[in-house]
Amino acid sequence: MSQTTATSSAVPTEHPWRALFALCIGFFMLLIDMTIVTVATPDIMADLDASANAVLWVTSAYLLTYAVPILIMGRLGDRFGPKWVYLVGLAVFTGSSLWCGLAGSIESLVAARAVQGLGAAMMTPQTMATITRIFPSERRGSAMALWGATAGLATLIGPLAGGALVALGGWEWIFFVNVPIGIVAIALNWWLVPVLETHSHSFDWLGVVLSGVGMFCVVFGLQNGEQRGWDALTWALVVGGIAIMGLFVWWQARNRVEPLVPLPMFADRNFSVSSLAISCMGFAAVAMGFPLMLYAQLVRGYTALEASMLLVPMALVSFVAAPLVGRLTDRMHPRLLTGVAFLLCSVSLFWVSVPMTVESPLWQLLVPMAFFGLGSAAVWSPLAATATRNLPMRQAGAGSGIYNATRLVGSVVGSAAVAVLIDLRLNAHGLGESLSGNHETASGSSVPPAVVSQFAEAMSEVMLLPAAALAIGFVAVLFFTTPRHMVKPSP
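Residues numbered from 1 in each chain as written. Predicted model: local features only at pLDDT ≥ 70, side-chain atom pairs only at ≥ 80, totals over all residues. Heavy atoms only, no water.

On to the side chain of Thr406, then. Secondary-structure assignment places Thr406 in helix H18 (residues 396-428). Among the polar contacts made by the side chain of Thr406, one reaches the main-chain carbonyl oxygen of Ser275 at a distance of 3.4 Å. (Helix = DSSP H or I, 4+ residues; strand = E, 2+ residues; numbered from the N terminus. Polar contact = N/O pair within 3.5 Å; in protein donor to acceptor, adjacent residues only side chain to side chain.)

A full pass over the atoms with the stated rule returns six aromatic pairs. Relative to Phe175, the ring of Trp171 lies with its centre 6.3 Å away and its plane at 80°, an arrangement referred to as edge-to-face. Using a relative accessible area of 4% as the deciding quantity, one classes Trp171 as buried. On the numbers, 5.7 Å between centres and 35° between planes, the contact of Trp351 with Phe371 is tilted. Of this pair, Trp351 sits in helix H16 (residues 334-353) while Phe371 is found in helix H17 (residues 363-388), placing the two residues 20 residues apart along the sequence. On the basis of relative accessible area, Trp351 is assigned to the partly exposed category, the value being 36%. Phe371 sits in the partly exposed class, given a relative accessible area of 37%. Looking at Arg79, its charged tip hangs above the ring of Phe80, at a distance of 4.9 Å from the centre. (Phe/Tyr/Trp six-rings, centres within 6.5 Å; stacked < 30°, edge-to-face > 60°. Buried < 20%, exposed > 50% of the residue type's maximum accessible area, 1.4 Å probe, protein only. Lys NZ or Arg CZ within 6 Å of the ring centre and 35° of its normal.)

Time to look at the environment of Pro136. By secondary structure assignment, the location of Pro136 is in the loop between helix H6 (106-134) and helix H7 (137-169). When the C-alpha atoms of Pro136 and Pro16 are compared, they prove to be 9.6 Å apart, with 120 residues separating the residues in sequence.

Taking 1.5 Å as the rise per residue, helix H15 (residues 312-329) with 18 residues should run 26 Å; its terminal C-alpha atoms sit 25 Å apart, in good agreement. In H15, a bend of some 35° at Ala322 exceeds every other bend along the element, and Pro323, a proline, comes one to four places later. Among the residues of H15, Pro313, Met314, Ala315, Ser318, Ala321, Ala322, Val325, Gly326 and Thr329 are the ones counted as buried. (Expected span 1.5 Å × (residues − 1). Bend = angle between axes of the 7 residues up to and from the residue.)

Take the confidence of the model for the protein next. The predicted model of the protein averages 83 in pLDDT, with 89% of residues at 70 or higher. At the level of individual helices and strands, the protein shows its lowest average pLDDT in H7, which scores 75, and its highest in helix H20 (residues 464-477), which scores 97. Counted against residues more than four places away or in other chains, residues 1-12, with its pLDDT under 50, gives 23 contacts. Scored below 50 in pLDDT, residues 434-445 makes 32 contacts in the model with residues more than four places away or belonging to other chains. (pLDDT = per-residue confidence, 0-100. Contact = heavy atoms within 4.5 Å.)

Moving on to the layout of surface pockets. Estimated volume of the largest pocket: approximately 440 Å³. Lining the largest pocket are 21 residues, and of these Leu146, Ala149, Thr150, Leu153 and Phe319 lie nearest its centre. The element best represented in the lining of the largest pocket is H7, accounting for seven residues. A per-class count over the lining of the largest pocket returns 14 nonpolar, six polar and one charged. Lining the second largest pocket are 15 residues; nearest its centre among them are Leu71, Met245, Phe248, Val261 and Val409. Counting residues per element, the lining of the second largest pocket draws most heavily on H18, which supplies four residues. (1 Å grid on protein atoms, 1.4 Å probe; cavity = no way out; pocket = protein on both sides within 12 Å on 5 of 7 lines; lining within 4 Å. Points joined across faces, edges and corners; volume = space filled by probe spheres on them. Nonpolar A, V, L, I, M, F, W, Y, C, P; charged D, E, K, R; others polar.)

Bringing the pattern of salt bridges into the picture now. According to the stated counting rule, one finds two salt bridges in the structure shown. For Arg113, the salt bridge is made with Asp33, and the minimal N-O distance between the two is 3.6 Å. With Arg113 in helix H6 and Asp33 in helix H1 (residues 16-35), the pair connects residues that are 80 residues apart, well separated along the chain. This pair shows no difference in class: Arg113 is buried, exactly as Asp33 is. Taking the shortest distance from any N to any O, the salt bridge between Arg425 and Glu461 comes out at 2.7 Å. Placement of Arg425 in helix H18 and of Glu461 in helix H19 (residues 452-462) is noted, with a sequence separation of 36 residues between them. Look at Arg425 and you get partly exposed, because its relative accessible area is 26%. (Salt bridge = Lys/Arg side-chain N within 4 Å of Asp/Glu carboxyl O.)

Let us look at the environment of Leu222. Mapped onto the secondary structure, Leu222 falls in helix H10 (residues 205-224). Residue Leu222 is classed as partly exposed on the basis of its relative accessible area, which comes to 23%. As for Leu222 and Ala419, which are separated by 197 residues in sequence, their C-alpha atoms are 8.3 Å apart. Contacts of Leu222, omitting those with residues within four sequence positions, involve Trp230, Val238, Ala416 and Val420.

A word on the environment of Cys217. With respect to the element layout, Cys217 can be found in helix H10. Sequence separation between Cys217 and Met245 is 28 residues, and the spatial gap between their C-alpha atoms is 9.9 Å. Residue contacts for Cys217: discarding those within four places in its chain leaves Leu237, Val238 and Gly241.

Most peptide bonds take the trans configuration, and most residues that are not glycine carry a negative phi. Even without glycine at this site, Asp49 takes up a positive phi of about 55°. Structurally, Asp49 can be placed in the loop between helix H2 (41-48) and helix H3 (52-67).

As structure tokens, then:
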């Protein structure tokens, strides 16, 4: 039986922007934590005596526990109310951030990040679902544009904020800073976000298990393949994980009650294209940070703060361009807007890989990063708006969960794939032990001078991976159809 709860009179829905502002504070914080670790990687390696691959699990664990349960969290928001699920997730995220900062070993840090990812999974679907339900259709595009701009800006600012916090207080502060922000966000969401109608759901627990086990096997196998020499167990995990994900899709097609992923939703081409394209962007946003920050700190000898300055042009241009993109989202065909954006982003990363040498002038790195910021500003917002525009209101939670899950799947695979490629290229250049975790990074470059050129070349080659992912995104968005609100009625 359907349970309903009337909209709260304490927070009038005629002021939905207030609710969106409160939601975006917590959403911004959890997205920053997807990339904030990248700039602190050398410091965490030195302080916790960890390998580069172990530190990459600090990000992968977060992304994995973020991505796997996000589909069911969208349904929980429909069942118990998006406000309450969001608040519980925000509390989990804030408490685990404190645990991260207090961690004294790499194992403890990875465990804390896994719990943090669970909190993020509870929060994310509720933001899009709430926007869909509290904004009228004529203003929903602008609201989604702000939501998408928040996602894009947070992903770009993460390494920049991380550099500043590492320089001022140490890597622990990239997590400690979440505690006061999280407390403020809890208070604002309690006050400003309305209580929305709820609906009963049956939960596809078999789907949850299949998707979770399949994703874990693939990511774990990819990230540890190089260290294990791609042995039989590694290939069994990867191939078995892919097979389990195939079984998951089969089960979703067979489940006649209420599947975790309603496959008919993908009949809307714009939803399908948006989901594929955002997974490419998620892949690139996570994958690009690791080679760039390792190059800046271990080749150029920059401190964490100095390395993060490479991202200032990108963040500034994205911030300035975001309002303009928001105004264009409801007026310009998404194929044109996102096509130009993806192409610009891909070209920018191919471009930045060229001057990733020992002695290239700094401006040769900054210029392409600025162009990347311009392109990325026109990716996040239009994709979010286009993905959900044609979906019925009753599918708000499921659509939000699926869209965000595909973004996170891209991020998880990007994190694992970049770890594999870093190992492969370092070994190809005879530098397999260059990142053993016992390096002193505070005083500058820790790569021996005799091999620093080879190390730089390896990182330049790794940067081509996210560039290629963005090229796939460009091809995908060419298949957008004209949104319904742009179709002129027949005379």
